[in-house]
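Residues per chain are reported as follows:
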Amino acid sequence: MSTLKNKVQLIGNVGNEPEITNLDSGKKVAKFSIATNEFYKNSKGKKEQDTQWHNIVAWGKIAEIVEKYVGKGKEVALEGKLTSRSYETKEGEKRYITEVVANEILLLGIKGDDNAME
């Protein structure tokens, strides 16, 4: 059970083209968002949709896979851990952000041999 302490699994659609950054250290990082949808019936019995947006960060080999295969609108499944951090805007305001650091990604809805990447 110790491996389940901070584990996130999501399936959703990529909301923007991934932002790829090559760091001075030689590492690559990819940042993008995905939308997950939940459907339910409201009190009047009408079907409703709730969309949640998640910020995703991928490093190294996973970032390379994202750069090569992941684009806006693609459906992906990913696994990672939840992290929180803060930063300051140019105006000096402190902001907080929660992200999922992906350690595994699976490309969904693609025909051929390129549908599973780790």
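For the structure itself, consult the block above.
Residues take numbers from 1 onward in each chain, read along the sequence in its written order. Note on the predicted model: pLDDT of at least 70 is required for a residue's local features to be given, and 80 or more for side-chain atom pairs to be given and counted; whole-chain, interface and lining totals, by contrast, use all residues. Note that the side-chain values use all heavy atoms of the structure and ignore hydrogens as well as water.

K.L.:
I keep staring at the environment of glutamine 49 and nothing clicks. Help me out?
P.N.:
Numbering goes from the N terminus for both helices and strands, where a helix is a DSSP run of H or I of at least four residues and a strand is a run of E of at least two. Along the polypeptide, glutamine 49 turns up in strand 4 (residues 47–59). Burial status follows relative accessibility: with a 1.4 Å probe on protein chains alone, a residue under 20% of its type maximum counts as buried, one over 50% as exposed, and anything between as partly exposed. The class of glutamine 49 is partly exposed, set by a relative accessible area of 45%. Counting along the chain gives 12 residues from glutamine 49 to asparagine 37, while the straight-line C-alpha distance between them is 6.5 Å. Any N or O atom pair separated by 3.5 Å or less is treated as a polar contact, with the protein-specific requirement of one donor-capable and one acceptor-capable atom, and with residues adjacent in sequence counted only for side-chain atom pairs. Only 2.9 Å separates the side chain of glutamine 49 from the side chain of asparagine 37, close enough to count as a polar contact.

K.L.:
How do you make sense of the side chain of serine 33 when you look at a structure like this?
P.N.:
Residue position: serine 33 is located in strand 3 (residues 28–41). Classification of serine 33 by relative accessible area gives buried; the value is 13%. Here, residues are in contact when the closest pair of their heavy atoms is within 4.5 Å. For serine 33, the contacting residues outside a window of four places in its chain are Asn13, Val14, Gly15, Asn16, Trp53, His54 and Asn55.

K.L.:
What am I meant to see in helix 1 (residues 60–69) here?
P.N.:
Along helix 1, the residues that are buried comprise Ile62, Ala63, Ile65 and Val66. End-on, the buried residues of helix 1 take up no more than an arc of 160°, which puts them together on one face. Exposed residues on helix 1 whose side chains face more than 90 degrees from its buried face are Lys61 and Lys68. Note that the arc is defined by the directions from the helix axis to the C-beta atoms.

K.L.:
In this structure, what is going on with the environment of glutamate 99? I would like to understand it.
P.N.:
In this structure, glutamate 99 sits in strand 6 (residues 94–108). Overall, glutamate 99 belongs to the buried group, its relative accessible area being 8%. Note: C-alpha distance between glutamate 99 and phenylalanine 32 (67 residues apart in sequence) is 9.9 Å. If near-sequence neighbours (up to four positions away) are discounted, glutamate 99 is found in contact with Asn55, Val57, Lys81, Leu82, Thr83 and Arg85.

K.L.:
Before we go on, may I ask you to explain the nonpolar core in this structure?
P.N.:
The nonpolar side chains of a soluble globular protein tend to be buried with one another. Core analysis: the biggest nonpolar cluster contains 19 residues, and Ile34, Ile56, Val66, Val76, Leu78 and Ile105 have the highest contact counts within it. Elements represented by at least two residues in this core include exactly strand 1 (8–14), strand 3, strand 4, helix 1, strand 5 (75–88) and strand 6. If sequence neighbours within four positions are ignored, valine 76 has contacts with Leu10, Ile11, Gly12, Val14, Ile34, Val70, Ile105, Leu106, Leu107 and Leu108. By nonpolar core we mean a set of buried residues, namely Ala, Val, Leu, Ile, Met, Phe, Trp, Tyr and Cys, connected to one another through side-chain atoms within 4.5 Å.

So yeah, pure geometry; function would need other evidence.
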